[in-house]
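A structural walkthrough
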Amino acid sequence: MKLHPIDMHNAITALTCALDLVGVDEVRHGKRVAVMARAIALQLNWPEVECLSILYSGMLHDCGVSRIHEHHQLIETLEWDGAEDHCIRGAAYLSACQPLAHLSAEIRYHHTRWETLLELPVDHHIRLRANLLYLSDRIDMLQSPFLNTGQILTEYPAIIAQIKSLSGILFAPELVDAFAEIADVEAFWLAMEPEYLDEDLRSIGSHIPATLLDIPALKELARLFSRVVDAKSPYTDEHSQRVAHIARQLAMDFGIKGYELEQVEIAGLLHDIGKLRVSEDIIDKPGSLTPEERATMHRHSYDTFRILQRVFEGSKIPVWAGFHHETLIGDGYPFKNGTKKLDLECRIIAVADIFQALAQQRPYRRTMSLEYILNDLQSRVETGHLDAKVVAKLTENAELYYRLAVA
Ligand SMILES: [Fe+2]
Ligand SMILES: [Fe+2]
Ligand SMILES: [Fe+2]
């Protein structure tokens, strides 16, 4: 089964929707920063490729933020002491992702004052790009209380004045000037409304030549996003990456190969991407969850399914990833699909997910021994929740799988 060609613009835009979920109620931050940064770059007559790459940088600039508390801090104060951490993390994730590694340096400095940047041994071109992200990010922070209320139309002159007062200190004067020139009209601010924003991003995508991502590039992108998801909690460190390894090995044991095998691995890497929307207060909670908290937690596999449908249209990846909490008897979630609709690949990812999770510490329990885990999986086979053949395959080679889960 071949994977349909995946266009980079669509993939990044769709994956940004996942990053933006960390804001919970305050979504689309990345997209707004992206569109504003590009508009300022256009005003400065930057070359077309620079305007486009600053758009992608804007969308991805907060890939170092997985936790809702951190996101809140970042949008509440103009300068926050802890801001640098997510810049360092985000830059590290990007530099490990070959198709996006060129954006790493500017992400590293996207909360650094202009006056400080001038003293750092950073390429001037990178300084400007990093500072453009910082400027757009702070404009969004200042406009966020008035978003979608109509109030922005009376408030924007004050925002422009505040940004101007920080020229040469926080922001490069030439960037501030370009911003002030284009932002002194209602249209600049109204374009930030959700439907117009999404429309504009689609329209930009349809006016540029498609950049198709091959399997290695897609895997790099998937690995980047798996890191963001796993960083959500100390208890889920490397969870997605390990689930992907286990699922790949199980698929190989069943004779799955080629494109199909690669897609299993990508589905494993991204199966929990919908968790970006779940507050860490719930993920890290030591006790049992309230019904509301459980419902919030349970929606993550549906969000995974929808996000991946946008990225991998026409592929099985959304199903294989999004069905990882479904069971054979149909009492899982969110579709309550039973045997008939669960491909072998869905069953593999479901087993890999539980196996790895049990081998890892959780806030409410310690790490489980291999013997305990195998008994637990077997009892889930007996209750009709997990596939007997998949669990048997894993049990045959239990030591190897345990090493993939924890070593
Ligand atoms: Fe940001
Ligand atoms: Fe999950
Ligand atoms: Fe998981």
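Residues numbered from 1 in each chain as written. Chains lettered and ligands numbered in written order. Predicted model: local features only at pLDDT ≥ 70, side-chain atom pairs only at ≥ 80, totals over all residues.

1. A look at unusual backbone geometry
Here the bond from tyrosine 333 into proline 334 is cis, since omega is 5°, no more than 30 degrees from zero. With respect to the helices, strands and loops of the structure, proline 334 is situated in the loop between α19 (317–322) and α20 (344–359). The residue arginine 28 is not glycine, and still its phi comes out positive at about 75°. Its place among the elements puts arginine 28 in the loop between α1 (8–20) and α2 (29–43). Arginine 28 sits in the buried class, given 21 other C-beta atoms within 10 Å. Not every positive phi belongs to a glycine, and lysine 336 is a case in point at roughly 55°. What makes lysine 336 exposed here is the crowd of 12 C-beta atoms within 10 Å. (Helix = DSSP H or I, 4+ residues; strand = E, 2+ residues; numbered from the N terminus. Buried ≥ 20, exposed ≤ 12 C-beta atoms within 10 Å, placed from the backbone.)

2. Thoughts on the domain arrangement of the chain
Looking at the assigned domains, one finds that the chain contains domain 1 (6–206) and domain 2 (214–406). Spacing between the C-alpha centres of domain 1 and domain 2 amounts to 33 Å. With 19 residues of domain 1 at the interface, the matching set in domain 2 holds 21 residues. Listing elements by their share of the side of domain 1 that touches domain 2, those giving two or more residues are α1 and α4 (68–76). The biggest single contributor to the side of domain 1 that touches domain 2 is α1, with six residues. (Domains from an automatic or database assignment. Contact = placed C-beta atoms within 7 Å.)

3. Re helix α14 (residues 239–253)
With 15 residues, α14 extends 21 Å from end C-alpha to end C-alpha; this agrees with the ideal 21 Å at 1.5 Å per step. Most of α14 is tucked away, with eleven of its 15 residues classed as buried. Residues of α14 that are buried sit in contact with α13 (215–230), α15 (258–270), α20, α22 (388–396) and α23 (398–406). One or two steps after α14, the chain reaches glycine 255, where phi turns positive at roughly 80°. (Expected span 1.5 Å × (residues − 1).)

4. Looking at α22
Along α22, the positions that sit buried rather than exposed are Val390, Val391 and Leu394. Looking straight down α22, one finds that the buried residues subtend no more than 95° of arc, so they occupy a single side. In α22, the exposed positions that point more than 90 degrees away from the buried face belong to Ala392 and Glu396. At its buried positions, α22 is contacted by α14, α20, α21 (370–382) and α23. (Arc of directions from axis to C-beta.)

5. Observations concerning the nonpolar core
Ranked by internal contacts, the top residues of the largest apolar core, which has 105 residues, are Ala37, Phe225, Ala247, Val351 and Phe355. A total of nine residues in this core trace back to one element, the largest contributor, which is α20. Taken together, domain 1 (6–206) and domain 2 (214–406) each give at least three residues to this core, which thus spans both. Residues within four places of alanine 37 in sequence aside, it is in contact with Ile54, Leu55, Gly58, Leu132, Leu133 and Ser136. (Core = buried A, V, L, I, M, F, W, Y, C linked by C-beta atoms within 7 Å.)

6. Details of the packing of α2 against helix α3 (residues 48–60)
As a packed pair, α2 and α3 sit with axes 7 Å apart at the nearest point and diverge in direction by 160°. Classed by the angle they form, the pair α2 and α3 counts as roughly antiparallel. In the crossing of α2 with α3, the sense of the turn from one axis to the other is right-handed. Between α2 and α3, the residues in contact are Gly30, Lys31, Val33, Ala34, Ala37, Arg38, Ala41 and Leu42 and Glu50, Cys51, Ile54, Leu55, Gly58 and Met59, respectively. For the contact of α2 with α3, the residue count by class is nine nonpolar, two polar and three charged. (Axes fitted to C-alpha atoms, helices over the stretch in contact; angles between N-to-C directions. Parallel < 35°, antiparallel > 145°, perpendicular 65-115°, else oblique. Left-handed = near helix turned anticlockwise from the far one by under 90°. Nonpolar A, V, L, I, M, F, W, Y, C, P; charged D, E, K, R; others polar.)

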